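Read off the chains here:
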Amino acid sequence: MRWSSSLSCTAAFCALAGQVAEATITATITDQASVKSAAKIIAKDLMSYYTGDNPGDVAGNLPSPYYWWEAGAMFGTMINYWYYTGDTTYNGMTTRAMVHQIGEDTAFMPKNQSKTEGNDDQGFWGMAAMTAAETKFPDAGGDNPGWLALAQGTWTTQQGRWAEAAQTCGGGLRWQIFTFNNGYDYKNTISNGCFFNLGARLALYTGNATYADWAVRSFEWVWNIGLISPTYEVFDGTNIRDNCTSKDHNTWSYNAGIFLLGSATMYNYTNGSAIWQERVSGLLNTTISKFFVDGVMRELCEPSGKCNVDQRSFKAYLARWLAATVRLAPFTEKTITPLLQSSAAAALKTCTAGTSGTQCGLMWTTGSFDGSLGVGESMAALEVVQSNLITTTSAWASAAKGTGNSTGDITAGTTGAANKALTLKPITAGDRIGAGVLTALVMIGVVGGSATMMISE
């Protein structure tokens, strides 16, 4: 497939990647020490919102108006902060939060979140644990499960829900876990993206092909049902009441990003299979065309001023997953690196607000603070700035490659009534090839138009 000119680094936005002089936080984006210094300031502002360690509060929770899932996403950012900078200031706080929210079944299922917890909410906590395993974040110690076990438990509980959910629309996870929550009839893309993303990363980390098989299966369902278009637009979700015929065609950067990183992981796992390279390229191409303006990241709700609390954090995850994609699919580096540089430089120009005078805004395309402050805004700015350190860090650890040492537990997540223990099979060279070939065969048989597009280009 030919990449469009939108993937090129143009003078209009490459110029943004250097010195930022008009913001309270100054940084030279190409200088490692300068980026770490800027990240430290933003991290302090971000964690000023966290009250979970205060007397009478709950470790791991953010105050209103922030939902539980965003706290899990934030601690994923703080694990990355440690990984990129080596600063241990927030490690204890992060560990206490992660451990306190484990809940039942080693799977981030605390009882006090049952009224709001969906598969996507749980998935963000599980992905934070996966990041901790991959980056060798210090273990919690004591009788606490390892970070790998928590990621496995999260994935296994979701795999156990697939069979029931597959009674409608031929597969796909529901948005909600519990029948009494609004949205139980909705199959949203981000829940299925979390399942796909975790499965791919667990396959790469553990070397167990069962995870890869399910990653292929979950991606295929999303593609076949039409939540990823032939041009790699990623839509919001679909409803079982019409057997998933109609779609919510809203597009969000985190949906694109979560499938981009999952596909990059599968590209790495399959030793560079053509089908996963095609997917990485297609998703990246469309992500850039939809979510970047002159090289600066933007959520589509920003121009209208109608981004809600959740949506204000979405760019954090796109930045996070773009950076990881550079490592897992190195052919993307020359495209992604200048985008992270120019977006970071633009984001820092908004960091002139709040009581600290350094809090960052939402809209990076404006060249100045836009009046919007919060956890999401700070988290997005931190991720896009620290992501510029991706090539200075060690590669993600992997037990299969002998570099990962996080303690796992394949029985985690299996004690619930709806879940059954999985027997995981070790990876073979044939499995790696098969994850690409199986995908290609299914794609050819799905829709003639999409198969022709992929083969002819």
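These numbers were taken from a predicted model, which means no experiment stands behind them.

Student: If you had to explain the packing of aromatic side chains to someone new, which residues and values would you point to?
Tutor: Applying the stated criterion to the full structure yields 32 aromatic pairs. Arranged with centres 6.3 Å apart and planes meeting at 40°, the rings of Phe75 and Trp125 form a pair that is tilted. Here Trp125 lies in helix H5 (residues 119–135) and Phe75 lies in helix H3 (residues 68–85), a separation of 50 residues in the sequence. A single burial state applies to Phe75 and to Trp125, both of which are buried. By way of ring pairs, the aromatic residues Trp69, Phe124, Trp252, Tyr254, Phe314, Tyr317 and Trp321 are connected into one cluster.

Student: Can you explain the pattern of salt bridges? Please cite residues and give values.
Tutor: Across all of its chains, the model carries 10 salt bridges by this definition. Across the pair Lys315 and Glu302 runs a salt bridge whose closest N-O atoms are separated by 2.9 Å. Within this pair, whereas Lys315 is found in helix H11 (residues 314–328), its partner Glu302 is found in the loop between strand S5 (296–297) and H11, the two being separated by 13 residues in sequence. We classify Lys315 as buried; its relative accessible area is 2%. Under the relative-accessibility criterion, Glu302 is labelled buried at 1%. Because the salt bridges share partners, they merge into one network encompassing Glu164, Arg174, Asp185 and Arg241.

Student: How would you summarise the sheet that holds strand S3 (residues 247–251) if you had to cite specific residues and measurements?
Tutor: What the three strands build is an open sheet, ordered S1-S2-S3; its pairing is antiparallel. Only two strands of the sheet have a single partner each, and these edge strands are strand S1 (186–188) and S3. The average angle at which neighbouring strand axes cross in this sheet is 20°, direction not considered. Strand direction decides the pairing type here: S1 and strand S2 (residues 235–239), joined by three bridges, are antiparallel. Note that in S2 the partner of Tyr186 across the bridge is Asn239.

Student: Can you lay out the layout of surface pockets for me, pointing to particular residues and giving the numbers?
Tutor: Estimates place the volume of the largest pocket at around 610 Å³. Among the elements of the structure, H3, H5, S1, S3 and helix H9 (253–269) are those that each provide at least two residues to the lining of the largest pocket. Looking at the lining of the largest pocket element by element, the count peaks at three residues for H5. Across the lining of the largest pocket, the residue classes break down as 10 nonpolar, nine polar and six charged.

Student: Which residues make up the nonpolar core, and what values go with them?
Tutor: Phe124 and Tyr317 are the most contacted members of the largest nonpolar core, which has 136 residues in total. If one sorts the elements of this core by residue count, H3 sits on top with 12 residues. With sequence-adjacent residues up to four places away left out, Tyr317 is seen in contact with Trp69, Glu70, Ala73, Phe124, Tyr254 and Met379.

Student: Provide a residue-level description of the state of the cysteines, including the pertinent values.
Tutor: Under the criterion given, the structure shown has three disulfides. A sulfur-sulfur distance of 1.9 Å marks the disulfide that ties Cys301 to Cys307. The sign of the S-S torsion, about 105°, decides the handedness of the disulfide formed by Cys301 and Cys307: right-handed. For Cys307, a relative accessible area of 7% puts it in the buried group. The disulfide partner of Cys351 is Cys360, and the gap between their sulfur atoms is 2.0 Å.

Student: Can you tell me about helix H10 (residues 274–291), naming the residues and giving the values?
Tutor: Compared with an ideal rise of 1.5 Å per residue, which puts 18 residues at 26 Å, H10 spans 25 Å between its outermost C-alpha atoms and is within 8% of the ideal. Burial runs high along H10: 14 of the 18 residues are buried.

Student: Can you lay out the side chain of Asp45 for me, pointing to particular residues and giving the numbers?
Tutor: Position of Asp45 relative to the elements: it lies in helix H2 (residues 32–47). At 2.6 Å, the side chain of Asp45 and the side chain of Thr358 are in polar contact. Ignoring sequence-local partners within four residues, the contact set of Asp45 consists of Ser356, Thr358 and Gln359.

Student: Residues and numbers for the confidence of the model for the protein chain, please.
Tutor: In the predicted model, the protein chain carries a mean pLDDT of 89, and 86% of its residues have values of at least 70. Ignoring residues within four places in sequence, the model shows residues 439–457, a span with pLDDT below 50, making 29 contacts including any to other chains.

Thresholds, definitions, all that
- Residues numbered from 1 in each chain as written.
- Predicted model: local features only at pLDDT ≥ 70, side-chain atom pairs only at ≥ 80, totals over all residues.
- Heavy atoms only, no water.
- Phe/Tyr/Trp six-rings, centres within 6.5 Å; stacked < 30°, edge-to-face > 60°.
- Helix = DSSP H or I, 4+ residues; strand = E, 2+ residues; numbered from the N terminus.
- Buried < 20%, exposed > 50% of the residue type's maximum accessible area, 1.4 Å probe, protein only.
- Salt bridge = Lys/Arg side-chain N within 4 Å of Asp/Glu carboxyl O.
- Pairing = 2+ DSSP bridges.
- Axes fitted to C-alpha atoms, helices over the stretch in contact; angles between N-to-C directions.
- 1 Å grid on protein atoms, 1.4 Å probe; cavity = no way out; pocket = protein on both sides within 12 Å on 5 of 7 lines; lining within 4 Å.
- Points joined across faces, edges and corners; volume = space filled by probe spheres on them.
- Nonpolar A, V, L, I, M, F, W, Y, C, P; charged D, E, K, R; others polar.
- Core = buried A, V, L, I, M, F, W, Y, C linked by side-chain atoms within 4.5 Å.
- Contact = heavy atoms within 4.5 Å.
- Disulfide = S-S within 2.5 Å.
- Expected span 1.5 Å × (residues − 1).
- Polar contact = N/O pair within 3.5 Å; in protein donor to acceptor, adjacent residues only side chain to side chain.
- pLDDT = per-residue confidence, 0-100.

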